[in-house]
Amino acid sequence: MEQGYRLGIDIGGTFTDAMVADADGRVVASLKTPSIPDAPEQAIFNALEQLQKASINIADIGLFVHGTTLGVNTLIERNGAVTGLLVTEGFRDVLEIRRLRLENTTNLYGDKALPLVPRRLVKEIDERCLASGEVFRSLNEQQLLQSVEELVQEGVTAIAISFLHSYKNAGHEQLAEQLIKQHYPELFVCTSSGVWPQQREYERTLATVMNAYVGSQMGGYFQRLEQGVQQYGLTAKVLSTMSNGGIMSSTRASSEPVKTLLSGPASGVIGATHVARMAGLNQVVTFDMGGTSVDVALIDGQPAYSVDNQVGDFPVIIPAIDVTAIGAGGGSIAWVDSAGVLKVGPRSVGARPGPACYNRGGTLPTTTDAYLHLGILQADRFLGGQMELRPDLAQAVLERLGEQLGMSSYEAAQAILDVATANMYAQFTPLMARKGVDPRDFTLLAYGGAGPMHAFLMAREVGIRKVLIPPSPGTLCAMGCVVADLRNDFVHSLNKVSDELQPGELAQWFEHLGEQGRRWITEETEQGIELDHMYLMYSADMRYEGQAFDLSVTLSSEAYGSIADAEARFHQQYEAVFGTSQPESPVAFVNLRATIIGVTRKSETVVVPAPVKTNYEAERRTIVFDGQEYQAFITDREQLNVGEMLSGPVIINEYDTTVFVPPGYSLTKDRFGNIIGEAEL
C-alpha cells in the first residue's frame, strides 16, 4: 500500500467510524456516521459518500480493512440461519449437556442457555474414530445423506459437522462435507476440523455451530458490500478484522465468520497498542468505556490473548485478544435497591431514549446525567455543539434519586460516579491478580465515548499514576483496522506427558503447524495484501499431570522444539501466577499452538487528529467534584501546546468525548497529540 490511502472502518452498535491515512501515515480524514443495524453495509456507503465530499479520491484507496458486529449481534439476537448439526452416533446431546457447570455457583436455580441448534435438528451419524485417530467404524454415507435430506425438509440452510475425535482424524468430516456439497450445493457447510481442530468436544462443536449459524448472513453481507463499494470506485479488496487482532480476506471471513466475532474490541486494542508503542510505552491497560460497558485489556509489549472467551451465552475457544467487561458505561442506570443501597448498572438506557439530559424521553438517572449536573460535561459543547444537552432534565432525575437516598442532587451525582468506579475496582483488581501483574506498573490508556471522562477516576482508585488519552478516542477502533497485520492461529491437540514424547516429536508438530501458517499467508497475500515481513510464534497449553486447567506458555522462537526449555518456562510461569511450582512433577503438553503474523507495510508515525475542531475559547468554569467547588480550566486539545503542563482540574472538550483531569493530576500533550496525565506527588 505504498502508493495509496489506507481506509479503516469500524461498525459499532451506534456509530460507524471511518479513518483514512496516506502512505506516510498522516490521517487525512476521520468521521463518524450513524450505524444502520438492518443494513450495516449502507453505513459504509454513507461514509464513502462523506469521504468523497471531503475531497478523498476513493479510487486512490489501496487497502480497505473493516470490522463489523454483524456476527456477534446475530448470535446475541439469535436471528441466524436455521442450522442442523451432524454428530457421531450416541452424542446427540452434546449441546444440551455442555460442561454441567453452574454459571453462577451461588445460584442453584440459574437457567442454562438454550442451544443454537434445537435437539430435533441434531442428527446422529453412524461413524466412529478412536482417540488415537484410528477408524473404528467407517462413515455410513447413505445414512448421512438421508439425515441431511430430513434436515433440509425441516428448513435447515446451514449444516455443522462435528464428529468424535476429528481433531486427530478429519477424514470422516471431510468426506461428509464433500458429499453434502455435492448433493446439496445450496447449503452452507462447515466442519469442526476445518473451523478449530482442538480437543474438547463441546467447545469444538459449539464453535462449529456458531460458524454455521452466522455464516450465511456474513456471506450475504460481504457480497453486498463488495458489489456496493465498486459503485464508488473502490477497487481495493475488502478485508475484515479478526478476534485475534489480525485481518483476513472477506472470502475467508465469509467461510470462517466465527473468527471475527470479537473483532470490534480487538481492533480497539490493536489501535491502542500502536498508540502506546509510538508514545514509548510497553505496559498498558486499555480502558474502553462506551454507553453500556467498560472493557479492559492488558498490553505488556503485546496484547494479552485468551482461549477462554465469552460471546453472549456461549464460550469460544478460538484465540482472541483478551478483553474483559468490568463495569457499566455512560448510559448505565443509577437505581436504589430494596435495602436502600445505590446501584449503577448493569441496565442501560441505550441510544434511545438515552440519558434524561438527551431530551429523548429518558426519565432515569445515568452516569452521563451525573457528569452534566456536576459541570464536567458542558451542555452546549456535546458532539462539538451539534447536540444540545438539557441540564434541567438531568437535575430533575438526580433530585428524585437524591430524595430516595437522603442526599442533595450534587451528592447523588457524585455518589453515582463513586459507585461506578467502585464497581470497576471490584472487578479490575482480582482480574489483574489472576494475570499476575501489578497495575501500578502500567499506564491506563483510555478511549471510547466515555473512557477519557472516567479514566482518571479509575486510575486514582487503583493507584495507576499515568493515564494516556489518544487523539480522537472515539475512532481508535477504526485506527486499529488501519494498522492491523495479517494474523492467524493454528492448533494441534497432543495430550502427552513429557516422558511420553519421542525425541524431535515436539519440533515435528510445531513445524507442521508452521507450514499451515505459511500456506495461509501465501493464500491471503494473493488477495493483494503487501507485507513487510512475517514471523511465527509458538506456545503450548501445559499443566502438571493430573490437573484440570492449563497455562498457555510462550516458547522460544529458536528452541520451540526443546522439551526442557518448555518445562522450565512452564514452571516459571506457574510460580508467577500461583506463587508456587512443582519442578519435580511430570508436565503434560495438552495443545501445541503456532501463530503466524504477516506485518503489513505501514508508517510508524500514524497520528490521529480530532475529527472536528470545536475552536472554543479557553475559559474557567465552576464544577462540583468530591463535594467541593473548583474552578476548572476548560480548553480544546488543539489549543494545548506540545509540552505545556497544566494541573487539574482540567476539562478538554472534543467532538467525540470529554477529557476530565481531576485535582491531583497534571497533564501535558506529546508530539503525537496524546494527552498524558500523571499523578502529582
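Let us look at the structure shown here. (Residues numbered from 1 in each chain as written. Predicted model: local features only at pLDDT ≥ 70, side-chain atom pairs only at ≥ 80, totals over all residues. Heavy atoms only, no water.)

A short note on the overall build of the protein
We apply this condition: Runs of E in the DSSP output that reach at least two residues are strands. Runs of H or I that reach at least four are helices, and both are numbered from the N terminus. Only C-alpha atoms enter the radius of gyration; for comparison, a globular chain is expected to reach 2.2 Å times N to the power 0.38, where N is the number of residues. Exposure categories follow from relative accessible area, calculated using a 1.4 Å probe and restricted to protein chains: below 20% of the type maximum is buried, above 50% is exposed, and the middle band is partly exposed. When checking whether two residues touch, look at their non-hydrogen atoms; a contact exists if any pair is within 4.5 Å. All accessibility values rest on the Shrake-Rupley procedure with a 1.4 Å probe; residue burial counts only the protein chains present in the view. Counted as positive: Lys and Arg. Counted as negative: Asp and Glu. His and the chain ends are not counted at all. All charge positions are set by atom: Lys at NZ, Arg at CZ, Asp at CG, Glu at CD.
Of regular secondary structure, the protein possesses 16 helices and 35 strands. For the protein, whose C-alpha radius of gyration is 26 Å, the value lies close to the compact-globule estimate of 26 Å for 681 residues. Projected onto its principal axes, the C-alpha positions of the protein cover 80 × 60 × 50 Å. By the burial criterion, 57% of the 681 residues in the protein qualify as buried. Taking the intrachain contacts of the protein between residues at least 6 apart in sequence as the baseline, contacts between residues at least 24 apart amount to 67%. Carbon and sulfur atoms form 48% of the exposed surface of the protein, whose accessible area is close to 28000 Å². Within the protein, the 81 negative side-chain charges are centred at a point lying 1 Å from the centre of the 52 positive side-chain charges.

A look at the nonpolar core
This is how it is decided: Buried Ala, Val, Leu, Ile, Met, Phe, Trp, Tyr and Cys residues form a nonpolar core when they are joined through side-chain atoms within 4.5 Å.
Core analysis: the biggest nonpolar cluster contains 138 residues, and F64, L86 and M210 have the highest contact counts within it. When neighbours within four sequence positions are excluded, M210 is seen to be in contact with L75, L116, V258, L261, V311, F314, P315 and V316.

Side note on the packing of aromatic side chains
Applicable threshold: Each Phe, Tyr or Trp ring, with Trp reduced to its six-membered ring, pairs with another whose centre is within 6.5 Å; inter-plane angles below 30 degrees give stacked pairs, above 60 give edge-to-face pairs, and intermediate values give tilted ones.
Taken as a whole and assessed by the stated rule, the structure comprises eleven aromatic pairs. Residues F510 and Y560 carry aromatic rings whose centres are separated by 5.8 Å and whose planes lie at 80° to one another, so their mutual orientation is edge-to-face. Of this pair, F510 sits in helix α15 (residues 505-525) while Y560 is found in the loop between β27 (551-554) and α16 (563-578), placing the two residues 50 residues apart along the sequence. Looking at F510, the relative accessible area reads 0%, which means it is buried. A centroid spacing of 4.8 Å and a plane angle of 70° characterise the contact between Y544 and Y574, whose relative ring orientation is edge-to-face. Linking Y544 in strand β26 (residues 531-544) with Y574 in helix α16, this pair joins segments that are 30 residues apart in sequence. For Y574, a relative accessible area of 10% gives the class buried. Taken together, the ring pairs connect Y544, F570, Y574 and F578 into an aromatic cluster.

Points about the sheet that holds strand β30 (residues 628-636)
What counts is decided by this rule: Between any two strands, pairing holds if DSSP finds at least two bridges. Lines are fitted to the C-alpha atoms to define the axes, a helix being fitted only along its stretch in contact, and any angle between axes, read from their N-to-C directions, falls within 0 to 180 degrees.
Strand order across the open sheet formed by four strands is β29-β30-β32-β33, with mixed pairing between neighbours. Edge positions in the open sheet fall to β29 (619-625) and β33 (658-661), since each of these has one partner strand only. Mean inter-strand twist for the sheet, computed between neighbouring axes without regard to direction, equals 30°. Bridge count between strand β32 (residues 650-653) and β33: four bridges; the pairing is antiparallel. Its bridge partner being in β33, I652 is matched across the sheet by V659. Its contacts with the sheet place helix α13 (residues 451-462) against β29 and β33, and it is angled at close to 25° to β33.

Some thoughts on helix α9 (residues 263-278)
We count it as follows: Expected helix span is computed as 1.5 Å times (number of residues minus one).
With 16 residues, α9 extends 23 Å from end C-alpha to end C-alpha; this agrees with the ideal 22 Å at 1.5 Å per step. Of all 16 residues that make up α9, 14 are buried, and the element is covered over most of its length. Just downstream of α9 lies G280, where phi reads positive at about 80°.

What to know about the layout of surface pockets
Rolled over the atoms, a probe sized like a water molecule indicates the empty space that remains. Keep this limit in mind: Computed over the protein atoms alone on a 1 Å grid, cavities are sets of points where a 1.4 Å probe fits but cannot get out and pockets are open sets with protein on both sides within 12 Å along at least five of seven lines; a residue lines them when it has an atom within 4 Å of a point. Grid points are joined across faces, edges and corners, and a volume is the space filled by probe spheres set on the points.
When its volume is computed, the second largest pocket comes out at roughly 950 Å³. Around the second largest pocket, the lining comprises 40 residues; the ones closest to its centre are S193, G194, V195, P197 and E256. When residues of the lining of the second largest pocket are assigned to their parent elements, the largest contribution, seven residues, is made by α15.

Thoughts on the pairing of strand β2 (residues 15-21)
When a strand is regular, its side chains alternate between the sheet's two faces. Of all seven residues in β2, six are buried; the element is thus mostly enclosed. Bridging between strand β1 (residues 5-11) and β2 involves six bridges; their strand directions are antiparallel. Within the sheet, the bridge partner assigned to I11 lies in β2 and is T16. Alignment of β2 against strand β3 (residues 27-34), held across seven bridges, turns out to be antiparallel. When the sheet's bridge partners are listed, M19 is paired in β3 with S30.

Digging into helix α4 (residues 141-153)
Going by this rule: Working note: the arc is built from the helix axis to C-beta atom directions. A 3.5 Å cut-off defines polar contacts: any pair of N or O atoms within that distance qualifies, except that in protein one atom must be a possible hydrogen donor and the other a possible acceptor, and neighbouring residues in sequence count only when both atoms are side-chain atoms.
The first and last C-alpha atoms of α4 sit 19 Å apart over 13 residues, in line with the 18 Å expected at 1.5 Å per residue. Every buried residue belonging to α4 is among L144, S147, V148 and L151, and all of these are buried. Buried positions in α4, seen along its axis, are confined to an arc of 100° and lie on one side of it. Residues of α4 that are exposed and point more than 90 degrees away from the buried face comprise Q142 and Q153. Looking at the buried positions of α4, the neighbouring elements they touch are β5 (83-88), β6 (122-125), β9 (158-162) and α5 (171-183). For α4, the capping residue at the N-terminal end is N140, with a side-chain oxygen 3.4 Å from the backbone nitrogen of Q142. G155 occupies a position one or two residues after α4 and carries a positive phi of about 95°.

Some details on the side chain of D489
Note the cut-off: Salt bridges are defined by distance alone: a side-chain nitrogen of Lys or Arg within 4 Å of a carboxyl oxygen of Asp or Glu.
Residue placement: D489 occurs in strand β25 (residues 486-497). In this structure D489 is buried but unpaired, with R487 as the nearest side chain of opposite charge at 4.6 Å. Within the local environment of D489, its side chain forms a polar contact with the side chain of N244, the two groups lying 2.8 Å apart. A polar contact is formed between the side chain of D489 and the side chain of T595, at a distance of 2.7 Å. The contacts of D489, once residues within four sequence positions are left out, are W196, N244, P319, A594 and T595.

Things to note about the state of the cysteines
What counts here: Cysteine sulfur atoms are paired as a disulfide whenever they fall within 2.5 Å.
Applying the stated criterion across every chain, the model contains zero disulfides. Here C481 is not cross-linked by a disulfide; its sulfur's nearest cysteine counterpart is in C477, at 7.6 Å. A residue is classified by how much of its surface remains accessible, and C481, at 1% relative accessible area, is buried.

Some thoughts on the pattern of salt bridges
Should the charged atoms of two oppositely charged side chains come close, the side chains can pair. Under the defined criterion, the tally for this structure stands at 26 salt bridges. Residue R460 pairs with D626 through a salt bridge whose shortest N-O separation is 2.9 Å. One end of the pair, R460, is in helix α13; the other, D626, is in the loop between β29 and β30, with 166 residues separating them in the sequence. Residue classification places R460 among the partly exposed positions, given a relative accessible area of 37%. Residue D626 is classed as partly exposed on the basis of its relative accessible area of 35%. With a shortest N-O distance of 3.8 Å, R518 and E511 are connected by a salt bridge.

So, to be careful, I would describe these as geometric facts and stop short of saying anything about function.
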